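Commentary on secondary and tertiary structure
The chain contents come next:
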Number of protein chains: 2
Amino acid sequence: MRWAAYAPVQRIVGVLLLFISLAFLPPLVFAVVNEDGAAMAFVISLVTVSLTGLGLYWPVRKAHHDLRISDGFLVVVACWAAVCLAGAIPFVLALDASLADAVFESTSGISTTGATVFSGLDVMPISILWYRQQLQWIGGLGIIILAVAILPMLRVGGMQVARAEATGPVKERRLTPRIAETAKALWAIYIGLTLVCAAAYWAAGMSLFDAFAHSFTTISTAGFSTHDASIGHFDSVLIEWLVTFFLFVSSLNFALHYLALRRGSAQVYLKDPELKLFAMLLLIVTVLVTFLLWQQHAYDSFWEALRYGVFQSMSYTTTTGFGTADVSLWPGTLPLLLILVSALGGCAGATTGGVKIIRVYLLTKQGMRELQRLVHPRAVVPLKLGRRTLDPEVANAVWGFVSLYILCIIVLTLIVSGIEDDLVTAVSVVFSAMNNLGPALGEASSNWGSLADSTKYLMSFAMLLGRLEIFTVLVLLTPSYWKH
Amino acid sequence: MRWAAYAPVQRIVGVLLLFISLAFLPPLVFAVVNEDGAAMAFVISLVTVSLTGLGLYWPVRKAHHDLRISDGFLVVVACWAAVCLAGAIPFVLALDASLADAVFESTSGISTTGATVFSGLDVMPISILWYRQQLQWIGGLGIIILAVAILPMLRVGGMQVARAEATGPVKERRLTPRIAETAKALWAIYIGLTLVCAAAYWAAGMSLFDAFAHSFTTISTAGFSTHDASIGHFDSVLIEWLVTFFLFVSSLNFALHYLALRRGSAQVYLKDPELKLFAMLLLIVTVLVTFLLWQQHAYDSFWEALRYGVFQSMSYTTTTGFGTADVSLWPGTLPLLLILVSALGGCAGATTGGVKIIRVYLLTKQGMRELQRLVHPRAVVPLKLGRRTLDPEVANAVWGFVSLYILCIIVLTLIVSGIEDDLVTAVSVVFSAMNNLGPALGEASSNWGSLADSTKYLMSFAMLLGRLEIFTVLVLLTPSYWKH
Ligand SMILES: [K+]
Ligand SMILES: [K+]
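Each value, and the rule that gives it
- Residues numbered from 1 in each chain as written.
- Chains lettered and ligands numbered in written order.
- Predicted model: local features only at pLDDT ≥ 70, side-chain atom pairs only at ≥ 80, totals over all residues.
- Heavy atoms only, no water.
- Helix = DSSP H or I, 4+ residues; strand = E, 2+ residues; numbered from the N terminus.
- Buried < 20%, exposed > 50% of the residue type's maximum accessible area, 1.4 Å probe, protein only.
- Salt bridge = Lys/Arg side-chain N within 4 Å of Asp/Glu carboxyl O.
- Core = buried A, V, L, I, M, F, W, Y, C linked by side-chain atoms within 4.5 Å.
- Contact = heavy atoms within 4.5 Å.
- Donors = N, O, S within 2.8 Å, 3.2 Å for Na, K, Ca; no water.
- Domains from an automatic or database assignment.
- Buried area = accessible area lost by both parts, 1.4 Å probe.
- Axes fitted to C-alpha atoms, helices over the stretch in contact; angles between N-to-C directions.
- Parallel < 35°, antiparallel > 145°, perpendicular 65-115°, else oblique.
- Left-handed = near helix turned anticlockwise from the far one by under 90°.
- Nonpolar A, V, L, I, M, F, W, Y, C, P; charged D, E, K, R; others polar.
- Polar contact = N/O pair within 3.5 Å; in protein donor to acceptor, adjacent residues only side chain to side chain.
- Least-squares fit on C-alpha atoms with pLDDT ≥ 70 in both.
- Expected span 1.5 Å × (residues − 1).

**Some points on unusual backbone geometry**
Despite not being glycine, N436 of chain A shows a phi value in the positive range, around 50°. With respect to the helices, strands and loops of the structure, N436 of chain A is situated in the loop between α19 (423-434) and α20 (453-467). Residue N436 of chain A is classed as buried on the basis of its relative accessible area of 0%. Here the phi dihedral of E35 of chain B falls at roughly 45°; this positive angle occurs in a residue that is not glycine. With respect to the helices, strands and loops of the structure, E35 of chain B is situated in the loop between α2 (25-34) and α3 (39-57).

Shown next, in the form of structure tokens:
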């Protein structure tokens, strides 16, 4: 009878699949209108996923809604895994992709990682191109709700740290207390940003299709493109600056956008310590990258170096992975530097991946604090964020996160280095997947297609691990969770 | 007049150089007896270093001994840097080595890292061979005193964590309160172990010269050899097991050896939680390495795999770097695995490098603790070591150490990857130097000679950084230290 305890979880996954099957409709329309041959694939996907959803929902439709907080972990992981699997179906049917490729591409989309195993995007059925972009956009929607509304309830994630900062404004930051209302507000902002971004891209010269397709993957800081050359395809400085701007906006805490809108004032942005940190780090990375590009004569002029430096710094720091240049071919330390800055990963409560600015900041500050304590042993130097002292338990959660992050990266890298011959490839794909970045180095510098199937499955797992802030997935692997 | 404040520091460095210049006498004897042509080099070194020492000492010989605790950082760093520079002189004079090579080799010796830039050891002047081994042995002497007696006074290092564990036995662990007495006791153990080890090697078939030469670099877990093929030169299973045994003994906390001797009982070993952890991790690493060697058919039989697996697991986990095989050519994940385990680095209060078992354990436990707290939010799970709860401030010091360790590795790797073309080389030399391991991958797999001069200087810095537990060096770079 213990299975009955999980009936509410099954019910939620069933309903979600029923809803998500509707996502096959827009690409189906594209396929029919353009007669690109993928229509049947989307019809079968729609039927399969909706029937599966119904099959999960129907037997437990009367299950009581007595979910405990701790069931939330299972719900979150089961939902994300189910959507990643469902999303893989059209790739198998329309592109004859292997299961490993299809699952990887779908997970890469939904997790907003944006690493691809497919090449020849410019000649792919237009409905599939649209579908890939849409996967990322839906993934972004999911993350916003997850990061701002659900994970804090489970006491996981960067928002907990960001919120713990302020005892005053904290109540306001909690947004509306009920998930449904919060979701509506955040989704409105997310959709609004997408429309504004698409309009700007269109005005700047993209086709309406490309404008929406890239707006989808900009607001979700995801990185899929409809062209093999990514943003470089358009070769337009104007478009690059627009992408840079909208990436910055999208990697801020969406709770800030909500507050700014509600108050009708940009003051909240100026007062946010996390935003300040993020802007400062972005500036440092951009100046460093531009300087190195210029000093190493990677481009003909300083202005060229600035153009590519600004764009790629933003693209990597926000864990997006859009390209205007093949960064893996840049000279000296630049490829490594850009892969590493992806760990910074924007603000909590955004669609970005990585460790998150706030955690990197606290970790660095802890190091400096201990140095200080050596000079002034008797001085009490509290760990602060903005003006407020950090709750020690929140700090503990950060050290715990960093510990598991390092542990996961080490274990995954060891396994992958046993599968892939090239060590640079092995290390960089794990790092890129865990940070939901997308680009990597070595054999996976532009495309992950040549990796082994087992690597693709493992990296699909890693992408979810990173996306769900590690804790959410790992807690399901502890025996005490299931005894609970 | 502010310089006067540093007169006692200058005095100590001067006296140390006077003493250390005596270290040129034994190799001088070897050079004269064997007429290997290096005698003049050691004479000049002796005169230069002793005169420099005298020059530093004489003007401040009457400086009052009013050293503050915080001056300790400067004393430690100045002493180590001075000895590393002094130790470089014979390499320049006898081998016509470049300054970068000489400084690197000397620092690698003194820090017990054991990476070498010289090849053709088997045809090198015998006095120089002896001198290299002796550098490491002296470095080991220095580390024991540093780790057990001096760094805890400065509130730095793994011993602080290991000691904080027990409020009961802590008093006993403090050993004798005065440094001089402690030093004598520890040195007696260190010298005794060296003699026993040399006798064992000799009995097992090494020449008397080789027996002492390798005993010097076993007890200091340092890794220099008198042969290019390292321990593999002897091709003797008996010798390999002896090395394994003495490496294990040398990577235990020397304070434990002291207590065991004083009480005449091995009970202290069995009760030590750090030792248990270390033994368990060693077992896991050994089983894993042996299994992978056997499963990947790297050797003809299981017994061969066991032989090489046991030896190299011990050699890397204790950050020694002795070789019986070229680990960088081992299949699959093995080279990366062995490089990574060097971060475990034996027990606090030993000559090993790395992060130290105790810190790795606490970091892992913190991750698990936070996972537990997600399942049981109301449960108070204190961070424990053995049976005692850890002082939060000691835990904070560990997170601070880990933070600075990661930060240093990232910054150094970024710089080196801008100098060296191969990314695997860049990452592995930094990791190896910071952990005082010795072997690396890529171009530096057996010999670091082909690296750029700037890399060699940087890695000399990294070796000292790792050796002096990071804090000791970095605190000198904070402005508040000098304002103090
Ligand atoms: K991405
Ligand atoms: K070593």
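**Thoughts on the pattern of salt bridges**
All names here are of chain A. One pass over the full model with this rule turns up 20 salt bridges over all chains. A salt bridge links E370 to R373, with the nearest nitrogen and oxygen atoms 3.5 Å apart. Taken together, the residues span about one helical turn, with E370 and R373 both in helix α17 (residues 357-375) at a distance of three residues. On the basis of relative accessible area, E370 is assigned to the buried category, the value being 4%.

**Digging into the nonpolar core**
If you look at the biggest cluster of nonpolar residues, it comprises 300 residues, and the most contacted ones within it are M434, W448 and M459 of chain A together with M434, W448 and M459 of chain B. In this structure, M459 of chain A is in contact with F104, V416, V429, V430, A433 and W448 of chain A, ignoring residues within four places of it in sequence.

**Quick notes on the side chain of S236 of chain B**
Within the secondary structure layout, S236 of chain B lies in the loop between α10 (208-219) and α11 (237-250). Take S236 of chain B: its relative accessible area is 16%, and that puts it in the buried class.

**What about the coordination of the potassium ion (ligand 1)?**
Residue and element names in this part refer to chain A. With distances of 2.5 to 2.9 Å, the protein atoms coordinating the potassium ion (ligand 1) are T112 (O), T113 (O), A222 (O), T319 (O), T320 (O), N436 (O) and L437 (O). Owing to a relative accessible area of 0%, T112 belongs among the buried residues under this scheme. Exposure remark for T113: the relative accessible area of 0% places this residue in the buried category.

**Comments concerning the coordination of the potassium ion (ligand 2)**
When a metal carries six donors in an octahedron, the ideal angles between them are 90 or 180 degrees, while four donors in a tetrahedron ideally lie at 109.5 degrees. All names here are of chain B. Distances from the potassium ion (ligand 2) to its protein donors, T112 (O), T113 (O), A222 (O), T319 (O), T320 (O), N436 (O) and L437 (O), fall within 2.4 to 2.9 Å. Mapped onto the polypeptide sequence, the residues donating to the potassium ion (ligand 2) form the spacing pattern T-T-x108-A-x96-T-T-x115-N-L. In this pair, T319 sits in the loop between α15 (302-317) and α16 (334-341) while L437 sits in the loop between α19 (423-434) and α20 (453-467), placing the two residues 118 residues apart along the sequence. The same class applies to T319 as to L437, namely buried.

**Description of the domain arrangement of chain A**
All names here are of chain A. Along its sequence, chain A is organised into domain 1 (1-96) and domain 2 (128-159 + 176-403). The C-alpha-based centres of domain 1 and domain 2 are spaced at 29 Å. Contact residues are listed per partner, giving 19 residues for domain 1 and 17 residues for domain 2. Buried area between domain 1 and domain 2, both sides added, is near 1,400 Å², and the carbon and sulfur share of it is 85%. Counting across the interface, domain 1 meets domain 2 through zero salt bridges. Breaking the side of domain 1 that touches domain 2 down by element, the ones donating at least two residues are α2 (25-34) and α4 (71-95).

**A few points about the packing of helix α14 (residues 273-295) of chain A against helix α15 (residues 302-317) of chain A**
Residue and element names in this part refer to chain A. At a closest axis distance of 8 Å, the pairing of α14 and α15 adopts a crossing angle of 140°. Here α15 runs oblique to α14, going by the angle between their axes. By crossing handedness, the relation of α14 to α15 is classed as right-handed. Residue-level contacts link F278, L282, V285, T286, V289, T290, L293 and W294 of α14 to F302, A305, L306, Y308, G309, V310, S313, M314 and T317 of α15. Residue composition of the contact of α14 with α15, by class: twelve nonpolar, five polar and no charged.

**Quick notes on the side chain of S230 of chain A**
Residue and element names in this part refer to chain A. Residue position: S230 is located in the loop between α10 (208-219) and α11 (237-250). Owing to a relative accessible area of 11%, S230 belongs among the buried residues under this scheme. At a separation of 3.0 Å, a polar atom in the side chain of S230 contacts the main-chain amide nitrogen of G323. Look past the residues within four positions of S230 in its chain and what remains in contact with it is S225, F322 and G323.

**Considering the relation of the copies chain B and chain A**
Mapping chain B onto chain A leaves a residual RMSD of 0.0 Å; the transformation is a rotation of 180° accompanied by 0.0 Å of translation along its axis. Taken together, the rotation and translation describe the operation of a two-fold axis. Interface residue correspondence from chain B to chain A reaches 100%, placing this contact among same-surface, isologous pairings.

**Structural notes on α10 of chain B**
Residues and elements named next belong to chain B. Helix length check: α10 (twelve residues) gives 16 Å between terminal C-alpha atoms against 16 Å at 1.5 Å per residue, within 8%. In terms of burial, α10 is largely enclosed, as ten of its twelve residues are buried. Taken as a whole, α10 has its buried residues at F209, D210, A211, A213, H214, S215, F216, T217, T218 and I219. Directly beyond the C-terminal end of α10, a positive phi value near 40° is found at T221.

**Remarks on the interface of chain B and chain A**
Many descriptions give the size of an interface as the accessible area lost when the pieces come together. Across the boundary between the two partners, chain B contributes 47 residues, which contact 47 residues of chain A. Taken together, the two surfaces of chain B and chain A that pack against each other cover about 4,100 Å², and 71% of this comes from carbon and sulfur. Looking only at chain B, the three residues that lose the most surface to chain A are L371, L374 and V375 of chain B, adding up to 16% of its buried area. The interface formed by chain B and chain A contains eleven residue pairs in polar contact (both at pLDDT 80 or more). Counting residues per element, the ones that place at least two in the side of chain B that touches chain A are α16, α17 (357-375), α18 (392-419), α19, α21 (471-474) and α22 (479-483) of chain B. Sorting elements by how many residues they give to the side of chain B that touches chain A places α18 of chain B first, with 14 residues.

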